[in-house]
Amino acid sequence: MPLFSSTTLARAALTFALLATGGAPVAFGQSGLTAAAGFDTCKQDRTEQIDKNHGILKGAVACKRGDSEVFADELEYWVDKRLVVLTGSVTLRDKSAQISADRAEFNTETKLGTFHNASGFAVVADRATHSPMGGQEPDVYFYGETIEKIGEDKYRITRGGFTTCVQPTPRWQITSGSATLRVDHYAFLKHAVIKAKGAPVFYLPALFYPIQKDDRATGFLMPTYGTSSYRGMTFSEAFFWAISRSQDATFLYDYFSKRGYGVGADYRYAAAPGSTGQLSVYRLAEREITTQNADGSQTVTPPSQSYQIRANMNQSLGRRWSARGRVDYFTDIKTQQAYNTDIFDSSRSTRMYGGSISGSVAGLSVNGNYDRTEYFSGATDRTVTGGTPRVTVTRNESPLFGSPIYFSMNGEYANLVRETQFANVVADRGLTRLDVMPVIRVPFTKLQFLTVNSSVAWRGTYWTRSQLPDQSGVVVDQSLSRTYFDLQARVTGPVISRVWNTPNNGYAEKWKHSVEPFFSVQRVTMVEEFDRIVQLDATDYVLGGTTRVDYGIANRVLVKRKGAGGSSAREILGVSLGQTYYSDDRASQYDWNYTTSFSGRAPTTLSPIRLALRAAPTDELNGALRMEYDVNEGVVQTIVADGQARLSEWLRLTAGFSQRRLASTIDLAPRLDNYVLAAATVRSASNRIGGSYSFNYDLGRETLLTSRIMGYYNVQCCGFAVEYQTYNFPQGTTAFPVAKDRRFNFSFTLSGLGTFSNFFGAMGGSGLQ
């Protein structure tokens, strides 16, 4: 976004162009003089005609043309020269601006002219910012020794300035020796000085910036600043290139006083509905760093370079086909974690790239994917997964020969990648897999309170590689195939419900409570050589010769409430309690319905009891909870909870909690890995003052991982925001190169002049940059 609003500058400095729209010369006289001077009507105390080409209107001159009015003590006009001169208390006024001057002259033929010792204001009512740093853009006040129209759409202000503050000594203003403006194109300032309370704070010998109506003109953006204990002082500058209405690019430069510098570019396009994309590329060059250790020794970090690429693409191909692509790739995970501001980005240890093409043909849904994801457990240790490619073909469920029996089918071809690297030792478990699964389903829904769905499926799978059955996990180039039948029946009910009518209730006019027992049985026939299957995903984790019984009960509370669009029903509370029984206890280690199935716990015939709760009594209040309780050990294995509350227009709260019980190992006893996070945001009704506070706390290690506090204050024409953030990673520097960091950011806004903020996500992603 360019630094200044074109509307602001055009109205502020260029309004008097309305004067210079004269007609052809006519005979002199009152009406003739008025028309020759370019006005519809004029009023004055007296008229003095010097000759047939020269006349003067004197005393309280007031002329009007359309919505514009001109006032002066005297108006002098030369018909042959096409020249109009106004003197004494000259004022030009229209609906959106006013200019006052000691003297003004303009040529009705060339439409050029000059205001001397001019000042005025322009009303800006066409823009509003949604940043917490400001509301509607206010009026702009300006002045200049001269304001000249020097071309059809070109103007010059000499020794002048402008501001949006109304105080006698403005809180801020920008002055310049000379400013040349081309309407809806650019403004060029020479010797520009930004002043605060009359004191100069920033000087630029020259400044070029765009002033287009859509704020998308090519030009430099305002630099930003920041600081941290790790990177030192930072300076960022950007150049915006408006390629066309549907595409643009931004080129970036960053300087870090303690580390080095970075350069990058961001490209965006919107070719058509459903066809958009963005590409960001960044290169970071870090110089050699010498660190003084506590024991007096020194650690020298050699210079390095790292790269980051992020991209998203959606492309409509026509005829219900579309393509998508995504890249989130970096070359150095330590650099990635050290320079990100957000804790989730800092702790993220994955990089990926991929794309897909999907559509339908002959009644079949086709989806082709190519993806590759790397999970890092250290600086170099990693696991690579993906499908290169993976193609799925699905026949959606439909009645079979017009009967109440439904048929569907899924097929897949996948070249699966699975590669692990630990201590420079690489193990490749990748393979190619073919899988097909037709399904026949028979529903029974004749009873309103009871629903029964039965299905039978046959599955055939072929792998190009297998593993040795001796539990060593060694993968060999020996193919393997598998077939089995999957028979399932799911019963929901009998459903018991009750409805209450509460027309005089202030919350809802109708309530409904339903109790829904559920029960399902699944039988998978024998799967030969299960121990030889290379287990990569859910397709491979099917243990044959076992029966699985899932049972539980669900409670739902629904209400019917009146709203702006009429009455509508919503579920305000849902509680589900369930458990699974396995005839073969090994099946408990391969159940994707439980997060603890793959945690290394011992096989058992009974799964944990799972509890799922969700509540949303209003749009302003909602929460969710999921918990798994191990009945064998008598402990809670996992808890995940989160909630949001908007208590008023000025206060909003969010909170979350997670707990995971890690299984014991040879060196470690069972332990809890749990975290809590919370955030609060406050703001006044007028958005004049506000702020936020957030933190992430590691309960197990009793450590505050990160905290962030931000506050802002807005006045009539400017505002400021401050942010302080702390990072603390006690688990060591192997996974997190920045063990501790303290970051302080300061940003300020000048209404009508854009905003200043830290380049790397300062102000909590509030959109200030």
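Residues numbered from 1 in each chain as written. Predicted model: local features only at pLDDT ≥ 70, side-chain atom pairs only at ≥ 80, totals over all residues. Heavy atoms only, no water.

Caption draft 1: Just the overall build of the protein chain, in detail. A count of helices and strands for the protein chain gives four helices and 45 strands. Each of the 769 residues in the protein chain was classed as buried or not, and the buried ones make up 40%. In the protein chain, of all internal contacts separated by at least 6 residues, the share reaching a separation of at least 24 is 47%. Entry remark: accessible area of the protein chain is about 39200 Å², with carbon and sulfur atoms responsible for 57%. (Helix = DSSP H or I, 4+ residues; strand = E, 2+ residues; numbered from the N terminus. Buried < 20%, exposed > 50% of the residue type's maximum accessible area, 1.4 Å probe, protein only. Contact = heavy atoms within 4.5 Å. Areas by Shrake-Rupley, 256 points an atom, 1.4 Å probe, with all protein chains shown as cover.)

Caption draft 2: Structural detail: the pairing of strand β20 (residues 298-301). Looking at chain direction, strand β19 (residues 289-292) and β20 are connected through four bridges and run antiparallel. When the sheet's bridge partners are listed, I289 is paired in β20 with T301. As consecutive antiparallel partners, β19 and β20 are separated by five residues, and within that stretch G296 has a phi angle of approximately 95 degrees, a positive value. (Pairing = 2+ DSSP bridges.)

Caption draft 3: Representation of the environment of S520. With respect to the element layout, S520 can be found in strand β34 (residues 510-524). Between the alpha carbons of S520 and D550 there is a distance of 5.2 Å; along the sequence they are 30 residues apart. Apart from residues lying up to four places away in sequence, S520 is in contact with A489, R490, R548, V549 and D550.

Caption draft 4: Focus on the confidence of the model for the protein chain. Per-residue pLDDT for the protein chain averages 83, and the proportion of residues at 70 or more is 85%. Mean pLDDT values over the elements of the protein chain span from 43, in helix α1 (residues 6-14), up to 96, in strand β32 (residues 480-492). Counting interchain partners and residues more than four positions distant, the pLDDT-below-50 stretch residues 125-137 has 38 contacts. When the criterion is pLDDT under 50, residues 765-769 qualifies, and its contacts beyond four places in sequence or with other chains add up to twelve contacts. (pLDDT = per-residue confidence, 0-100.)

Caption draft 5: Here's a closer look at the packing of aromatic side chains. Tallied over the entire structure, the rule returns nine aromatic pairs. The interplanar angle of 35 degrees and the centroid separation of 6.2 Å between the aromatic rings of F330 and F376 together place this pair among those described as tilted. In this pair, F330 is assigned in strand β22 (residues 321-330) and F376 in strand β24 (residues 364-376), connecting sequence segments 46 residues apart. Residue F330 is classed as buried on the basis of its relative accessible area, which comes to 2%. When the ring of Y507 is compared with that of W511, the centres are 5.6 Å apart and the planes differ by 45 degrees; the resulting orientation is tilted. Judged by relative accessible area, Y507 falls into the partly exposed class, the value being 23%. Ring-pair connections join several aromatic residues into one group, and the members of that group are F530, Y541, Y590 and W592. Over the ring of F330 we find R351; its NZ or CZ atom is 5.9 Å from the centre of that ring. Over the aromatic face of Y727 sits the side chain of R743, whose NZ or CZ is 4.3 Å from the ring centroid. (Phe/Tyr/Trp six-rings, centres within 6.5 Å; stacked < 30°, edge-to-face > 60°. Lys NZ or Arg CZ within 6 Å of the ring centre and 35° of its normal.)

Caption draft 6: Quick peek at empty space enclosed by the protein. Enumeration according to the criterion identifies five cavities of 30 Å³ or more in this entry. Of the volumes computed, that of the second largest cavity is approximately 50 Å³. When residues of the lining of the second largest cavity are traced back to their parent elements, those giving at least two are β11 (186-196) and β12 (199-210). By residue number, the principal contributor to the lining of the second largest cavity is β12, which donates four residues. Classifying every residue of the lining of the second largest cavity gives eight nonpolar, no polar and no charged. (1 Å grid on protein atoms, 1.4 Å probe; cavity = no way out; pocket = protein on both sides within 12 Å on 5 of 7 lines; lining within 4 Å. Points joined across faces, edges and corners; volume = space filled by probe spheres on them. Nonpolar A, V, L, I, M, F, W, Y, C, P; charged D, E, K, R; others polar.)

Caption draft 7: Fine view of the nonpolar core. If you look at the biggest cluster of nonpolar residues, it comprises 40 residues, and the most contacted ones within it are F39, L75, L86, F115 and L189. Ranked by the residues each element gives to this core, the list is headed by strand β6 (residues 97-107), at five residues. Membership of the second largest hydrophobic core comes to 20 residues, among which are L416, W463, V475 and Y582. (Core = buried A, V, L, I, M, F, W, Y, C linked by side-chain atoms within 4.5 Å.)

Caption draft 8: Geometry of unusual backbone geometry. Omega for the peptide link from T388 to P389 comes to 5 degrees, which places this bond in the cis form. With respect to the helices and strands, the residue P389 is situated in strand β25 (residues 382-399). Note that the residue after G493, namely P494, is joined by a cis bond; omega there is 0 degrees. Within the fold, P494 resides in the loop between β32 and β33 (496-501). Here R159, not a glycine, exhibits a phi torsion of approximately 50 degrees, which is positive. Within the fold, R159 resides in strand β9 (residues 154-163). With a phi angle near 55 degrees, A362 is a residue other than glycine that sits in the positive phi range. Along the chain, A362 falls in the loop between β23 (350-361) and β24. On the basis of relative accessibility, which here comes to 75%, the residue A362 falls in the exposed class.

Caption draft 9: The side chain of T158, seen in detail. Mapped onto the secondary structure, T158 falls in strand β9. A relative accessible area of 15% means that T158 is categorised as buried. Excluding its chain neighbours within four sequence positions, the residues that come into contact with T158 are G144, E145, T146, E148 and G177.

Caption draft 10: Up close: the side chain of E516. The topology assignment puts E516 in strand β34. Among the polar contacts listed, one links the side chain of E516 to the side chain of S514, at a separation of 3.4 Å. Residues contacting E516, with those up to four places away along its chain left out, are V495, I553, A554 and R556. (Polar contact = N/O pair within 3.5 Å; in protein donor to acceptor, adjacent residues only side chain to side chain.)

Caption draft 11: Spotlight on the pattern of salt bridges. Going through the model one piece at a time under the given rule, you end up with 31 salt bridges. In this structure, R570 and D619 form a salt bridge, with 2.9 Å as the shortest nitrogen-oxygen distance. With a gap of 49 residues between them, R570 in strand β36 (residues 566-582) and D619 in the loop between β37 (609-618) and β38 (621-630) connect regions that are remote in the sequence. What makes D619 exposed here is its relative accessible area of 64%. Measuring nitrogen to oxygen at the nearest pair gives 3.5 Å for the salt bridge that ties E628 to R626. Put simply, R390, E412, R433, D537 and D540 are held in one network by salt bridges that share partners. (Salt bridge = Lys/Arg side-chain N within 4 Å of Asp/Glu carboxyl O.)

Caption draft 12: Quick look at a nonpolar patch on the surface. A surface patch of nonpolar side chains, amounting to about 650 Å² of accessible area, comprises I405, M409, V436, I440, V442, V456, W458, F485 and L487. Sorting elements by how many residues they give to the nonpolar patch places strand β28 (residues 431-447) first, with three residues. For L487, the position within the fold is in strand β32. (Patch = residues over 30% accessible without salt bridge, like charges linked within 9 Å, V, L, I, M, F, W, Y side chains within 5 Å.)

Caption draft 13: Region of interest: the environment of K258. For K258, the position within the fold is in the loop between β16 (247-256) and β17 (260-272). As for K258 and R287, which are separated by 29 residues in sequence, their C-alpha atoms are 8.7 Å apart. Discounting chain neighbours no more than four positions away, the residues touching K258 are S229, Y230, R231, G232, R287 and I289. Within the structure, K258 has its side chain in polar contact with the backbone oxygen of S229 (distance 2.9 Å).

Caption draft 14: Representation of the environment of V527 in the model. Topologically, V527 is positioned in the loop between β34 and β35 (546-563). For V527, a relative accessible area of 6% puts it in the buried group. For the pair V527 and L543, spaced 16 residues apart in sequence, the C-alpha to C-alpha distance is 6.7 Å. The residues contacting V527, other than those within four sequence positions of it, are R482, Y484, I533, V542, G544 and G545.

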